[in-house]
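One letter stands for each residue in the lines below.
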Amino acid sequence: MKLKKLLTVVMAVVLVLTAFAACSKGGKENVTKTVSDADYVTEKGTLVVGITDYAPMDYKEKGSDEWTGFDAELARAVADKMGVKVEFVVIEWDNKFLELNTKSIDCVWNGMTITDEVKKNTSVSNAYARNRQVVVMKNDKAKNIKSVEDLSGLKFAVENGSSGQAAAEDNKLEATAVSTQADTLLEVKSGSVDAAIIDSTMADAMTGEGTDYADLGVAIVLQEEQYGIGFRKGSDLTEKVNGYLDELKADGTLQSLSEKYTVEIME
């Protein structure tokens with residue numbers, strides 16, 4: 001009887017150990033390895049950047065298929081430090097957060113104003129450039145605008161989902177949303193609207209003497225802003241890119257791009 005009881009105890013111990021091993025093995029198989037955003041980008045070898053056609057930040061020279069501009073060159077400089085290539089993907093600006101969260105892109109990097117909405121929906125980088133929301137209209141009309149009150153009754157074009165659209169709403173201005181900031185200038189030139197609300201960086205690059213919009217100019221500044229780069233919430237790319245931006249500022253790259261594209265960088 002004692003021998004039989006001993007064998008029973010041994011068998012029970014073996015069964016428990018076997019079950020424990022099976023559970024441990026199964027548990028390991030069911031655990032999904034967490035890959036950081038930085039590792040994800042490094043492993044695929046490409047940083048996918050969401051942009052719009054927006055001079056002087058991201059645009060193509062006539063006859064060229066290559067994206068250039070302040071942000072385009074800066075993105076390539078950061079990618080070089082990461083050891084990856086850059087792929088630029090044109091997005092609908094109003095869908096930028098969806099594109100980011102579904103991993104269609106890895107970041108939004110296109111003269112993006114740091115707003116409460118951007119902070120809520122992305123892990124945003126440190127500010128790297130300054131900007132303003134400005135009213136652009138035909139020069140003969142612009143000279144008559146002295147204050148926001150003078151804009152009452154005018155019709156505006158704004159980019160859908162942009163800070164320009166928000167500025168129009170904040171100032172209770174009648175505005176029509178179009179696909180891109182560049183389209184707002186077409187609307188003003190055609191006469192379908194009185195003015196556009198766009199980034200000063202674009203206004204400086206695309207209006208005035210020597211441009212396709214020589215008869216357009218800035219009438220008034222509505223608000224001061226700062227640009228940042230949007231990554232997925234909780235992304236470790238934010239901290240890494242902040243470090244790379246500091247390095248590019250220290251070695252003079254940012255200053256060189258600032259002078260080349262007439263973009264005011266953060267001090």
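Conventions and cut-offs
- Residues numbered from 1 in each chain as written.
- Predicted model: local features only at pLDDT ≥ 70, side-chain atom pairs only at ≥ 80, totals over all residues.
- Heavy atoms only, no water.
- Helix = DSSP H or I, 4+ residues; strand = E, 2+ residues; numbered from the N terminus.
- Buried < 20%, exposed > 50% of the residue type's maximum accessible area, 1.4 Å probe, protein only.
- Contact = heavy atoms within 4.5 Å.
- Salt bridge = Lys/Arg side-chain N within 4 Å of Asp/Glu carboxyl O.
- pLDDT = per-residue confidence, 0-100.
- Phe/Tyr/Trp six-rings, centres within 6.5 Å; stacked < 30°, edge-to-face > 60°.
- Lys NZ or Arg CZ within 6 Å of the ring centre and 35° of its normal.
- Polar contact = N/O pair within 3.5 Å; in protein donor to acceptor, adjacent residues only side chain to side chain.
- Axes fitted to C-alpha atoms, helices over the stretch in contact; angles between N-to-C directions.
- Parallel < 35°, antiparallel > 145°, perpendicular 65-115°, else oblique.
- Left-handed = near helix turned anticlockwise from the far one by under 90°.
- Nonpolar A, V, L, I, M, F, W, Y, C, P; charged D, E, K, R; others polar.
- Expected span 1.5 Å × (residues − 1).
- Pairing = 2+ DSSP bridges.
- Right-handed = clockwise from strand over helix to strand, strands pointing away.
- Core = buried A, V, L, I, M, F, W, Y, C linked by side-chain atoms within 4.5 Å.

### Notes on the overall build of the chain
- Scanning the chain from N- to C-terminus turns up 11 helices and 11 strands.
- Going through the 267 residues of the chain one by one, you find that 45% of them count as buried.
- Here the contacts in the chain between residues at least 6 apart in sequence split such that 71% fall between residues at least 24 apart.

### What about the pattern of salt bridges?
- Within this structure, the stated rule accounts for 10 salt bridges.
- Its salt-bridge partner being Asp106, residue Lys44 comes within 2.7 Å of it at the nearest N-O pair. One end of the pair, Lys44, is in helix α2 (residues 37-44); the other, Asp106, is in the loop between α4 (96-101) and β5 (107-113), and 62 residues separate them in sequence.
- Residue Lys44 is classed as partly exposed on the basis of its relative accessible area, which comes to 33%.
- Put simply, Glu264 and Arg130 hold a salt bridge, and the shortest N to O gap is 3.7 Å. You can see Glu264 sitting in the segment after α11 (253-261) and its partner Arg130 sitting in strand β7 (residues 129-138), a full 134 residues away along the chain.
- Beyond isolated ion pairs, a larger network of salt bridges with shared partners links Asp37, Lys44, Asp106 and Arg232.

### Focus: the confidence of the model for the chain
- Averaged over all residues, the pLDDT of the chain equals 90, while 87% of them reach at least 70.
- A low-confidence stretch, residues 1-10 (pLDDT under 50), is modelled with 0 contacts involving residues beyond four sequence positions or located in other chains.
- Segment residues 13-32: pLDDT under 50, and 0 contacts once partners within four positions in sequence are set aside and those in other chains are kept.

### A short note on the packing of aromatic side chains
- For the structure shown, the criterion picks out 1 aromatic pair.
- Geometrically, the ring pair formed by Phe70 and Tyr128 is stacked, given 6.3 Å between the ring centres and 5 degrees between the ring planes. Of this pair, Phe70 sits in helix α3 (residues 70-82) while Tyr128 sits in the loop between β6 (123-124) and β7, placing them 58 residues apart in sequence.
- The aromatic ring of Phe97 is capped on one face by Lys96, whose charged end is 4.9 Å from the ring centroid.
- Over the ring of Tyr40 we find Lys103; its NZ or CZ atom is 4.1 Å from the centre of that ring.

### What about the side chain of Ser162?
- For Ser162, the position within the fold is in the loop between β8 (155-159) and α7 (163-170).
- A polar contact of 3.2 Å, which involves the side chain of Ser162, links it to the backbone nitrogen of Gly164.

### Topic: the packing of α3 against α11
- Viewed as axis vectors pointing N to C, α3 and α11 meet at an angle of 160 degrees, and their least axial separation amounts to 10 Å. The orientation of α3 with respect to α11, classified from their angle, is roughly antiparallel. The handedness of the crossing between α3 and α11 comes out as right-handed. Judged by residue contacts, Phe70, Glu73 and Leu74 of α3 engage Leu254, Leu257, Ser258, Lys260 and Tyr261 from α11.
- Of the residues that constitute the contact of α3 with α11, the class distribution is 5 nonpolar, 1 polar and 2 charged.

### Observations concerning α3
- Taking 1.5 Å of rise per residue, 13 residues should cover 18 Å, and α3 covers 19 Å from first to last C-alpha, within 8% of that figure.
- Among the residues of α3, Phe70, Asp71, Ala72, Leu74, Ala75, Ala77, Val78, Ala79 and Met82 are the ones counted as buried.

### What about the pairing of β8?
- The element β8 is largely enclosed, with a buried count of 4 among its 5 residues.
- Where β8 meets strand β9 (residues 174-178), 5 bridges bridge the pair, whose relative direction is parallel. Looking at the pairing, Val158 lines up with Ala177 of β9.
- Viewed along the sheet, the connection from β8 through α7 into β9 turns out right-handed.
- With 2 bridges connecting them, β8 and strand β10 (residues 195-199) associate as parallel partners.

### Examining the nonpolar core
- In terms of nonpolar packing, the biggest core is built from 51 residues, with Phe70, Leu74, Trp109 and Tyr128 touching the most fellow members.
- When sequence neighbours within four positions are dropped, the list of residues in contact with Tyr128 reads Met57, Phe70, Asp71, Leu74, Trp109, Gly111, Tyr227, Gly228, Ile229, Leu245, Ile265 and Met266.

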